[in-house]
Amino acid sequence: MKRTVCVVTILFWIAASARTAAAQSGDPVQAKASNAEAVHSTASRPKEAVSEVELLKHRIEELEDQNRTMMQLLIDLKSKVEESANVAKTSNTRMNSMDATNLDRSPKSAVAKADTLASSSQLSAGSAKPVEQRRPAPAGSRSSSEADSSVQQDQLRWTNLISEGNTLKFYGFLRLDLDFDSQRPNNGQAPLFITSPDPVLGQGDAGSFSMHPRLSRFGVDYTGKPISGLYDGKVAGKLELDFENGGSESRQIIRIRQAYLRVNWGQFSVLGGQAWDVVSPLLPTVNNDTAMWNAGNIGDRRPQFRVAYEPKSGKGQWSLVGAAGLTGAIDAVDLDANGFRDGEESKRPDAQARIGYSHPLWVKDQSVSFGVSGFYGWLNTTRPVTGANRRSFRSQVVNVDYTLPLASRVSLRGEGWWGRNMSDTRGGAGQGIKFLTGTEIRGRGGWSELSVKASRYYSFHPGFTTDDPFDPDIPATGRTRNEAFYLGNRISPGGSFLIGVDYLRWKTSYKGLTRGLDNRVNVFLQYSY
């Protein structure tokens, strides 16, 4: 359209110039004729000659004014055309640059400029008109709705899914476990102790085999832009899921492992959501199904509000962490059977804390660490329960953890603990209160493991773990000890593929019953992404 205006204007200017030239070339002839006639008839027509000369001068002045006006108009139109062309060129360059940037961007860093893209995608290249105002499609072509759908599909990028300044990182693995047991555990896929083969129970010696993909995991790490209203605190979060919480093989139930949001100000941070307990921060290598809970390792995941301060001190670093969590999130104890967990009836959260220190030693890129942590919880019932008619109970644990590198490929780590009423922290072999007497079951335990990296493809992890409740606190047929010797093997053939072969000689002792002894072999295949 702009080019057509320019062409018409130029043609009009040429025509006007031609008329002006014709007028200027023809009028002198007429002037000469008039002068000749004036010579022959000077006396008869003096006034007419003077009048024609004046008229001719006036006409020339008018044409010159018109030429100057036309030239100014052409100059103005030319500048406007050049300005429009520059705007269109800048818009096209910006769109091409944004497209190239978004095509090169991976999901891990797909965070930039959703608002800019949303506004730019509403404009057609080189035009200021919205996309919705396009001309109707001609007969035989796609409908406008199909065209709009195609445009939206072409413009769908990662920047349409997450706002500016935020990033998402996906992680996890696909996994298959095969479990062989010479004596049945309480659950072949999620074992906590080994059942007794005592004839009184009518079970006898019986093994089992199971296979499952329940430990397959999916996680999302979220990083957000600093929040100016919170003193530029850096926001991060995590959502982690798997399927290890029951259900049939064709109806597996999604389990929330972790789901929290954290705000960080350098060495200080605040966390809210479901995360690992502050007490007992380490995990054994074997038995990923239940992490040797109730058999020597304590500490699980629960909803909590956590505050942490981790300042550096020379080459070392301190860790001071405190949290308030939900009591009963693990064992769901309801002693009076009124439908409310006793931890919630206490009207207060549990309290957890840990103080730790780590420092690099003679082993390159490895540090020795040591920590002391504790847990204290309250439980209440609406009516008196147990033989002692108690309504109030307490849960408490003290834990010590350590990590000691011995060489570049060898390290030793583990935990030790003691406390009472520890079923909500996975202690006491899963036993918290002796109902007949109202006794809070006391106990102690821990685990220790040696890790040896034999080569880049193979490592092995021998260890021992035990949970030893205080026998006088245990009721008849209760578990008096739950322990295991184990050897974990990890084979990494390359890439993200991992093969595990673990052997556990697991023994559970009972009060008044034959102990259960299981030779358990766990084989798994895992591919991480």
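Everything numeric here is computed off the predicted structure, so don't read it as measured data.

Enquirer: Explain the nonpolar core here, please?
Expert: Burial of nonpolar side chains together is a common tendency in soluble globular proteins. Formed by Ile194, Leu282, Val286, Met292, Ala295, Trp447, Ala484, Tyr486, Leu504 and Trp506, the largest nonpolar core amounts to 10 residues. Elements with a minimum of two residues in this core: β18 (479–494) and β19 (497–510). Setting aside residues no more than four positions away along its own chain, Met292 makes contact with Pro284, Val286, Asn287, Asn297, Thr465, Ala484, Leu504 and Trp506.

Enquirer: What exactly am I supposed to notice about the environment of Pro311 here?
Expert: Residue position: Pro311 is located in the loop between β7 (301–309) and β8 (312–313). By relative accessible area, which is 14% here, Pro311 ends up buried. Expressed as a C-alpha distance, the spacing of Pro311 and Gln267, which sit 44 residues apart in the sequence, is 5.6 Å. Each residue touching Pro311, except ones within four places of it in the same chain, is listed here: Gln267, Gln317 and Trp318.

Enquirer: What is the right way to look at the pattern of salt bridges in this model?
Expert: If charged atoms from side chains of opposite charge come close, those side chains can pair. Per the counting criterion, the structure on display carries 24 salt bridges. Linking Arg257 and Asp242 is a salt bridge whose minimum nitrogen-to-oxygen distance equals 3.7 Å. You can see Arg257 sitting in strand β5 (residues 255–265) and its partner Asp242 sitting in strand β4 (residues 234–242), a full 15 residues away along the chain. Its salt-bridge partner being Glu440, residue Arg420 comes within 3.7 Å of it at the nearest N-O pair. Of the two residues, Arg420 is situated in strand β13 (residues 410–420) and Glu440 in strand β15 (residues 439–440); the sequence distance between them amounts to 20 residues. Residue classification places Arg420 among the partly exposed positions, given a relative accessible area of 30%. Each of Arg444, Asp468, Arg481, Glu483 and Lys507 takes part in salt bridges that share partners, so that together they form one network.

Enquirer: Sorry if this is basic, but what is going on with the pairing of strand β12 (residues 390–407) here?
Expert: Across 13 bridges, strand β11 (residues 367–385) lies against β12 in antiparallel orientation. When the sheet's bridge partners are listed, Leu379 is paired in β12 with Phe393. Taking the residues that link successive antiparallel strands as the turn, the β11-β12 hairpin has four residues, and the phi of Thr386 there is positive, at about 65°. The hairpin turn running from β12 into β13, its antiparallel successor, is two residues long.

Enquirer: Explain the side chain of Arg301 to me, please; I cannot follow it from the model alone.
Expert: Counting through the fold element by element, Arg301 comes out in strand β7. For Arg301, the side chain forms a polar contact with the main-chain oxygen of Arg257, separated by 3.2 Å. Leave out the neighbours within four places in its chain, and Arg301 touches Arg255, Arg257, Gln258, Gln274, Ala275, Trp276, Asp277, Trp293 and Ile330.

Enquirer: I tried to follow the environment of Ile433 on my own but got confused; where do I start?
Expert: By secondary structure assignment, the location of Ile433 is in strand β14 (residues 433–434). Given the relative accessible area of 18%, Ile433 is considered buried. As a C-alpha pair, Ile433 and Asn421 span 12 residues in sequence and 6.0 Å in three-dimensional space.

Enquirer: When you look at the packing of aromatic side chains in this model, what are you seeing that I'm missing?
Expert: The geometry of two aromatic rings is summed up by the distance between their centres and the angle between their planes. Summed over the entire model, instances satisfying the criterion amount to seven aromatic pairs. For the ring pair Phe180 and Phe209, a centre distance of 5.0 Å and an interplane angle of 45° mean the geometry is tilted. Taken together, the residues Phe180 in strand β1 (residues 167–181) and Phe209 in strand β2 (residues 208–212) connect sequence positions 29 residues apart. For Arg175, the ring lying beneath its charged end belongs to Phe524, and the centroid distance is 3.7 Å.

Enquirer: So what exactly am I meant to see when it comes to the pairing of β13 here?
Expert: Strand residues, when the strand is regular, have side chains that alternate between the two faces of the sheet. Of the strand pairs in this sheet, β12 and β13 are connected by 11 bridges, and their pairing is antiparallel. Of the residues in β13, the one forming a bridge with Asp401 is Glu415. Of the strand pairs in this sheet, β13 and strand β16 (residues 442–453) are connected by 11 bridges, and their pairing is antiparallel. Paired with Trp417 across the bridge in β16 is Gly445.

Procedures and definitions
Residues numbered from 1 in each chain as written. Predicted model: local features only at pLDDT ≥ 70, side-chain atom pairs only at ≥ 80, totals over all residues. Heavy atoms only, no water. Core = buried A, V, L, I, M, F, W, Y, C linked by side-chain atoms within 4.5 Å. Buried < 20%, exposed > 50% of the residue type's maximum accessible area, 1.4 Å probe, protein only. Helix = DSSP H or I, 4+ residues; strand = E, 2+ residues; numbered from the N terminus. Contact = heavy atoms within 4.5 Å. Salt bridge = Lys/Arg side-chain N within 4 Å of Asp/Glu carboxyl O. Pairing = 2+ DSSP bridges. Polar contact = N/O pair within 3.5 Å; in protein donor to acceptor, adjacent residues only side chain to side chain. Phe/Tyr/Trp six-rings, centres within 6.5 Å; stacked < 30°, edge-to-face > 60°. Lys NZ or Arg CZ within 6 Å of the ring centre and 35° of its normal.

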